[in-house]
Amino acid sequence: MPTVTEAIQSRFSAHSYDPTHVLSEQDVTGLIDLARHAPSAFNLQNWRFIAVHTKEAKAKLLPLAYGQEKVVDAAVTFIVCGTLDPHKTIAGSLRPSVDAGILDEATFKGWVGAVEGMYADNPAMQRDEAVRSASLAAMTLMMVATERGMASTPMIGFDQAGVADAFNLDDREIPVMLVTVGRAGKTNWPQKPRKATSDILSIV
Ligand SMILES: Cc1cc2nc3c(=O)[nH]c(=O)nc-3n(C[C@H](O)[C@H](O)[C@H](O)COP(=O)(O)O)c2cc1C
């Protein structure tokens, strides 16, 4: 099993997948069981995942992903959604932290109030938070895939409105990213070089 450092250094965005590789529904569920450990503001967990797993669902996704064959060849493609209206769901998301004895009742009420104040009348902030949370979940998902010896690809090359319609998303759900997961095919680039740390880091 790779260390986190090894996973970060070895992960690459796959172009080609082995179309014979199959994941069971249990394997697919196991990926999200770990991805849901990603952090989110106030522990909002303002995300939802649709696993495009069957042949029929993949065929439906293909034209909406502008013909990117990897959504058919990979074992599964997740539609990673960020959800809006976090002030309507925060109490339910946070209550288990009180039940677990992590947050006290006063902190719970304070956070619920803070979320109401920050997001209720601020659609731009709701959207930002949906994209932030879904992106962190997507990255966590890709790390899990890497740990399990699989390749992954984050994708924004898809028709967002078309995907929302075809996969019956709620109008409060934003399809933020597709993440394809499966066994790598034969023709992939390795991870590409990154900018030097010295060019992107300021320590103040
Ligand atoms: C938000 C986002 C959207 C992307 N969309 C696509 C896509 O639609 N199709 C694709 O083949 N790769 C897509 N990529 C993969 C990038 O091209 C890739 O991460 C980048 O070239 C770095 O490659 P590497 O991680 O393998 O080094 C996307 C990556 C991100 C983070």
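Residues numbered from 1 in each chain as written. Predicted model: local features only at pLDDT ≥ 70, side-chain atom pairs only at ≥ 80, totals over all residues. Heavy atoms only, no water.

K.L.:
What's the story with the pairing of strand β4 (residues 173–182) in this structure? I'm lost.
P.N.:
In regular strands, side chains alternate between the two faces of the sheet. Most of β4 is tucked away: 10 of the 10 residues are buried. Bridge count for strand β2 (residues 76–83) against β4 is eight bridges, and the pairing is antiparallel. Note on β4: the bridge partner recorded for F78 is V179. When strand β3 (residues 151–155) meets β4, the two strands line up antiparallel, connected through five bridges. When the bridges of β4 are listed, P154 appears paired with V179. (Buried < 20%, exposed > 50% of the residue type's maximum accessible area, 1.4 Å probe, protein only. Helix = DSSP H or I, 4+ residues; strand = E, 2+ residues; numbered from the N terminus. Pairing = 2+ DSSP bridges.)

K.L.:
Just checking my understanding: could you explain the packing of aromatic side chains for this structure?
P.N.:
Both the distance between ring centres and the angle between the ring planes are used here to describe each pair of aromatic rings. Under the defined criterion, the tally for this structure stands at two aromatic pairs. Residues W47 and F49 carry aromatic rings whose centres are separated by 6.5 Å and whose planes lie at 45 degrees to one another, so their mutual orientation is tilted. Taking NZ or CZ as reference, K60 lies 4.7 Å from the ring centre of F167, over its face. The lysine or arginine in question, R95, covers the ring of F108, its NZ or CZ lying 4.1 Å from the ring centre. (Phe/Tyr/Trp six-rings, centres within 6.5 Å; stacked < 30°, edge-to-face > 60°. Lys NZ or Arg CZ within 6 Å of the ring centre and 35° of its normal.)

K.L.:
What exactly am I supposed to notice about the packing of helix α5 (residues 86–99) against helix α6 (residues 105–119) here?
P.N.:
The description of two packed helices rests on the angle between their axes and on the distance between the axes. Two elements in contact, α5 and α6, have axes whose closest approach is 9 Å; the angle formed by their N-to-C orientations is 160 degrees. By the angle between their directions, the pair α5 and α6 is classed as roughly antiparallel. Crossing angle aside, the handedness with which α5 passes α6 is right-handed. Between α5 and α6, the residues in contact are P86, H87, I90, A91, L94, R95 and V98 and E105, F108, W111, V112, V115, E116 and Y119, respectively. For the contact of α5 with α6, the class distribution of residues is 10 nonpolar, one polar and three charged. (Axes fitted to C-alpha atoms, helices over the stretch in contact; angles between N-to-C directions. Parallel < 35°, antiparallel > 145°, perpendicular 65-115°, else oblique. Left-handed = near helix turned anticlockwise from the far one by under 90°. Contact = heavy atoms within 4.5 Å. Nonpolar A, V, L, I, M, F, W, Y, C, P; charged D, E, K, R; others polar.)

What is shown is where atoms sit, not what they do.
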